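# Coordinate analysis (summary)
Chain by chain, the residues:
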Amino acid sequence: MITVRLPETLRDGRGAIVTMDAASLDDIIGRLELEEERDELYNFAVNGELIVHGENEVVLEDGDEVEIVVAFSGG
Amino acid sequence: MEQLAQGSPFRMPLMSTRQRVDALLARLASEPQFPTQGETVFVDLERAEVRRAYIPRRVAETLLGGRGVNMFLLHNLLDASLTPLHPDVPLIFGTGILTSMVPSASRGNATSWSPESGVLMDSNAGDYFPSFMKLNGIDHLVLYGKAPKWTLLHFAGREPNFVDAAPWVGLDNIDLRERIAAHFNGVEGKDYGLAAITSAGENLVLCSGIMAGPKAIYARGGPGAKMGSLNLKGVLIAGRTADLTPAHPHKLRNREVAIKLLGTSVVKNALKKRGTPFLYKPSRMLGAMGTKNNQETTWTDKLDAENIDPFRPGMEGCFACPVNCRPLNDMTGCEHTPQDRYVKGDGPEYVTVGKFGPNIGIREVEQVLRLNNICNDLGLDTASTGSAIAWAMELVQRGIVTGVDLQWGDYDAIEKLLFATARREGFGNVIANSSRAVETGHYPPEALDYLMAVKGLTQSDPHDARILKAFALGLAVATRGMDHLRNRVTLEINAKINDDPGFKRELYGGDVSAEPNSYTGKEVAVRKCENTFAVGDAVGMCRFTTKLFNSPSLPGYEEFRDQIFNVTGIELSLDDMDRIGLDIMGVERLINAKLGVTRKDDTLPKRWFEEAIGVGPFKGEKIDRREFDDMLSRFYLISNLTDEGLPRPEWRAELEGVLAS
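Parameters at a glance
Residues numbered from 1 in each chain as written. Chains lettered and ligands numbered in written order. Predicted model: local features only at pLDDT ≥ 70, side-chain atom pairs only at ≥ 80, totals over all residues. Core = buried A, V, L, I, M, F, W, Y, C linked by C-beta atoms within 7 Å. Buried ≥ 20, exposed ≤ 12 C-beta atoms within 10 Å, placed from the backbone. Contact = placed C-beta atoms within 7 Å. pLDDT = per-residue confidence, 0-100. Helix = DSSP H or I, 4+ residues; strand = E, 2+ residues; numbered from the N terminus. Pairing = 2+ DSSP bridges. Nonpolar A, V, L, I, M, F, W, Y, C, P; charged D, E, K, R; others polar. Expected span 1.5 Å × (residues − 1). Arc of directions from axis to C-beta. Domains from an automatic or database assignment. Axes fitted to C-alpha atoms, helices over the stretch in contact; angles between N-to-C directions. Parallel < 35°, antiparallel > 145°, perpendicular 65-115°, else oblique.

## As for the nonpolar core
Residues Leu63(B), Ile210(B) and Ala472(B) are the most contacted members of the largest nonpolar core, which totals 223 residues. If near-sequence neighbours (up to four positions away) are discounted, Leu63(B) is found in contact with Gly68(B), Val69(B), Met71(B), Phe72(B), Ala538(B), Ile580(B), Asp583(B), Ile584(B) and Val587(B).

Here it is in structure tokens:
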């Protein structure tokens, strides 16, 4: 089971935390139906570490904690 | 860097500033060169004399306005044999060519020779002052000479009044703005715009800025000290007297610009909701949050943006900007903070969260907010001041500085130190000298090993750039010193863009490695961002709403080109826009060359070459000197620069032709 923490802007009636079975980050996007909303502003963090490239290569394991983070770097 | 070397080919004939102004005025135009163009007003504060002219069309077509034309003026008026705080070194305010005319174009620049860094000073601010300049027909304001007594320059019509500023001397931002509003019986933002210094500027504190609002500040490089060196307390511009009739209808395109920027994800989902404090979390999770003067790179989640929510009563914005990205704060009723004048305020931005949080060992949101409010009142640049304090703390930690009780996270000591800095009292006098504390004899030379600065300017933002090599290159080559707002390839942090090589190629006009920690192709992205952002500054657009800064979808060259044509009638191509950005950088490098800047100054702090990141997904990452040097060479090559970082001869001749026009 994967725990996914969502930012306020992507909750769409869901809670801040949802759990699901998922093997990849794409799985999460698909199961949450976020294909449209998930644009370049949002990065994944897996177990507290930000993923900045190679999302497709990330393999999730049971117990992983995934967070979708509002990520920008100029302010 | 401090002074021009004898015999330098850049040496200009020795002339007084008045002679330089005379010579320049003789070459400027006496009539507007395009619709909406305002005057360039030269004010000799010592003699209370005012002269006016218009920037030639050729210069406007090359450098547009704002930062670009400020550089034209500085290049013509700078005598590098002086020192930055000499009153004959001018302080130049400029508005963008579209300031006040296009949504989110509310910005302007203050330019001079930096007393803090020793190189070019160029600082950008918004709020209302730049727009009121434009609305009153002033595109550029060139100030020089030392006023015989403290003066407030008051434009209520075409002629300024030289108002005795004695009643306001010693006042800081909160009191000053209240007293000015009462004295002139008006409301800032509605009736006038004000740019003014606090006691820190009066005391020539090198990390002080010029306040353009409750929080808005011309911050970087010591603009407050520069204004103070002229005995100028402030500039107040009232009314809306200019004829800003555009060359062609522009409102329909304005509407499209507003819709575009409001529809962009970073604006809609981040800036309008919480502002820039959102940035803290991704930097922390990447292991790239400058902590304790960059000895460490991650810090508590207690400072994540959502933890500021309970103290944010609303958002504010600049003139005619639909975004409103500035968070306000209010800690009324909070038992952890004194209920005094600093219980509420404007901000913080991410820079302040980082510089007054992890950088100096502070963990509590309320403490960061309070320090933010104090800095706003004292007119201190939070980037420079926070950096100077962190540097001092590390020197104390290492025993390089002794006899000073300054420990990481010691809130009470830090708060007191801010007031002491503004007054130049005790150890505050050392912090007031910012990055020049070794030069002024307060620290031993070995202290420089721990100074997080490039070209004498401490880092603007808290992001530790040992991981993202495009960030590192940008900080190294930025013309005003170690500052991210000149060229940061912010999208390097976004996985969705990094994982789409085709899109990335189209965005930057060349191949840029998907891996943020690779050196490959990063020069291409920095070049594109530097050009785009220079054009944005010349237009007057906010960086937060300029394409490539946090989003590929914000208004950029296309919108700027269209509205420059609609507003001014000047017709430019997209290639011209890119060329203008490059030209602005080229002129800035010519100015820096006068001040002794060479390739060796396009570098990074020693720590980033020698110490690796200790945490996170990029643990072990640092800057490889050879790879960095190669990347710098490639950057020079695609930027049409020589091996020493100067415009190549043919281009340089073109630029100098414009500068002499």
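That covers the picture; the talk isn't over yet.
## Description of the confidence of the model for chain A
With 100% of its residues at a pLDDT of 70 or more, chain A shows a mean pLDDT of 95. Within chain A, strand β4 (residues 49-50) of chain A has the poorest average pLDDT of any element, 94, and strand β1 (residues 2-5) of chain A the best, 98.

## Thoughts on the pairing of strand β2 (residues 49-53) of chain B
With 5 bridges joining them, strand β1 (residues 39-44) of chain B and β2(B) adopt antiparallel strand pairing. Pairing of Asp44(B) across the sheet is with Glu49(B), part of β2(B).

## Describing the sheet that holds strand β5 (residues 65-70) of chain A
All names here are of chain A. Here we have 5 strands laid out as an open sheet, ordered β2-β1-β5-β3-β4, and mixed in their pairing. Every other strand in the sheet has two partners, leaving β2 (17-20) and β4 as the edge strands with one partner each. Of the strand pairs in this sheet, strand β3 (residues 42-46) and β5 are connected by 5 bridges, and their pairing is antiparallel. Looking across to β5, one finds that asparagine 43 is bridged to valine 69.

## Thoughts on the interface of chain B and chain A
Much of the literature gives interface size as the accessible area that the parts lose upon coming together. Tallying the contact residues gives 35 residues for chain B and 23 residues for chain A. Of all the secondary-structure elements, those providing two or more residues to the side of chain B that touches chain A are α9 (265-271), α10 (280-286), α11 (350-355) and α17 (495-498) of chain B. Considering every element that reaches the side of chain B that touches chain A, the biggest residue donor is α10(B), with 5 residues. Looking at the side of chain B that touches chain A, its residues break down into 18 nonpolar, 11 polar and 6 charged.

## Some thoughts on helix α23 (residues 625-638) of chain B
Residues and elements named next belong to chain B. If you check α23, its first and last C-alpha atoms are 20 Å apart, about what 14 residues at 1.5 Å a residue would give, namely 20 Å. Considered for burial, the residues of α23 that qualify are Phe628, Met631, Leu632, Phe635 and Tyr636. Here the buried residues of α23 occupy an arc of 140° about the axis, which is enough to place them on one side. Two residues or fewer after α23 comes asparagine 640, characterised by a positive phi angle close to 60°.

## Observations concerning the domain arrangement of chain B
All names here are of chain B. Each assigned domain of chain B is listed with its residue range as follows: domain 1 (17-238), domain 2 (289-458) and domain 3 (469-659). Placing the centre of domain 2 and that of domain 3 at their C-alpha centroids yields a distance of 28 Å. Listed by contribution, the elements that provide at least two residues to the side of domain 2 that touches domain 3 are β16 (453-454) and β17 (457-458).

## Observations regarding the packing of helix α19 (residues 522-539) of chain B against helix α21 (residues 574-594) of chain B
All names here are of chain B. Viewed as axis vectors pointing N to C, α19 and α21 meet at an angle of 90°, and their least axial separation amounts to 7 Å. In this view, α19 runs roughly perpendicular relative to α21, as classed from their interaxial angle. Contacts between α19 and α21 involve Glu530, Asn531, Thr532, Ala534, Val535 and Ala538 on the former and, on the latter, Met577, Asp578, Ile580, Gly581, Leu582, Ile584 and Met585. Looking at the contact of α19 with α21, its residues break down into 8 nonpolar, 3 polar and 2 charged.

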